[in-house]
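Overview (structure and organization)
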Amino acid sequence: VQLVESGGGLVQPGGSLRLSCVVSGFTISGYHMSWYRQAPGKERELVATISNSGGITDYADSVKGRFTISRDNAKNTVYLQMNSLKFEDTAMYYCNAPYVPVMRSKWGQGTQVTVSE
């Protein structure tokens, strides 16, 4: 199983980024998928979750109204559109399948998002 996150970068406050997570060795279509983030010195936190069909989404209060999670099951890929970025969004971002026990030890390298002037 491989999870490959990409799309991060350096962006000014108020800017936007679109993250992608391509999954191989595991078919995501039957499972909820989530984005997580971890800032330096902090624990990993759940950012957003999407149901297997994409019809239901849920967000951390800190990103609600600014981030949008989506998925393309045909491409085995999950996305995170991030708008109106704030300094506090700076973190390494990861995706995973939150309710699949075998995936709990499978993490990608993440993609770094840095919000700075």
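Everything quoted here is computed from the prediction, not taken from an experiment.

**Points about the sheet that holds strand β1 (residues 2-6)**
- Ordered by their spatial adjacency, 4 strands build an open sheet running β1-β3-β8-β7, and the pairing between neighbours is antiparallel. With partners counted over all chains shown, the strands left at the sheet margins are β1 and β7 (67-72), one partner each. Here the average twist between neighbouring strands, direction ignored, is 15 degrees.
- Pairing analysis gives 6 bridges linking strand β3 (residues 17-24) to strand β8 (residues 77-82), with the strands arranged antiparallel. From the neighbouring strand, Leu19 faces β8, where its bridge partner is Leu80.

**Here we look at the state of the cysteines**
- Going through the model one piece at a time under the given rule, you end up with 1 disulfide.
- The disulfide partner of Cys21 is Cys95, and the S-S distance across this bridge is 1.6 Å. Linking Cys21 in strand β3 with Cys95 in strand β9 (residues 91-96), this pair joins segments that are 74 residues apart in sequence. Per residue, the accessibility class of Cys21 equals that of Cys95, and both read buried.

**Digging into the side chain of Thr77**
- Its place among the elements puts Thr77 in strand β8.
- In this structure the side chain of Thr77 is engaged in a polar contact, spanning 2.7 Å, whose partner is the backbone oxygen of Lys75.
- Among residues more than four places away in sequence, those in contact with Thr77 are Ser20, Cys21, Val22, Ile28, Arg71 and Asp72.

Cut-offs and rules
- Residues numbered from 1 in each chain as written.
- Predicted model: local features only at pLDDT ≥ 70, side-chain atom pairs only at ≥ 80, totals over all residues.
- Heavy atoms only, no water.
- Pairing = 2+ DSSP bridges.
- Helix = DSSP H or I, 4+ residues; strand = E, 2+ residues; numbered from the N terminus.
- Axes fitted to C-alpha atoms, helices over the stretch in contact; angles between N-to-C directions.
- Disulfide = S-S within 2.5 Å.
- Buried < 20%, exposed > 50% of the residue type's maximum accessible area, 1.4 Å probe, protein only.
- Polar contact = N/O pair within 3.5 Å; in protein donor to acceptor, adjacent residues only side chain to side chain.
- Contact = heavy atoms within 4.5 Å.

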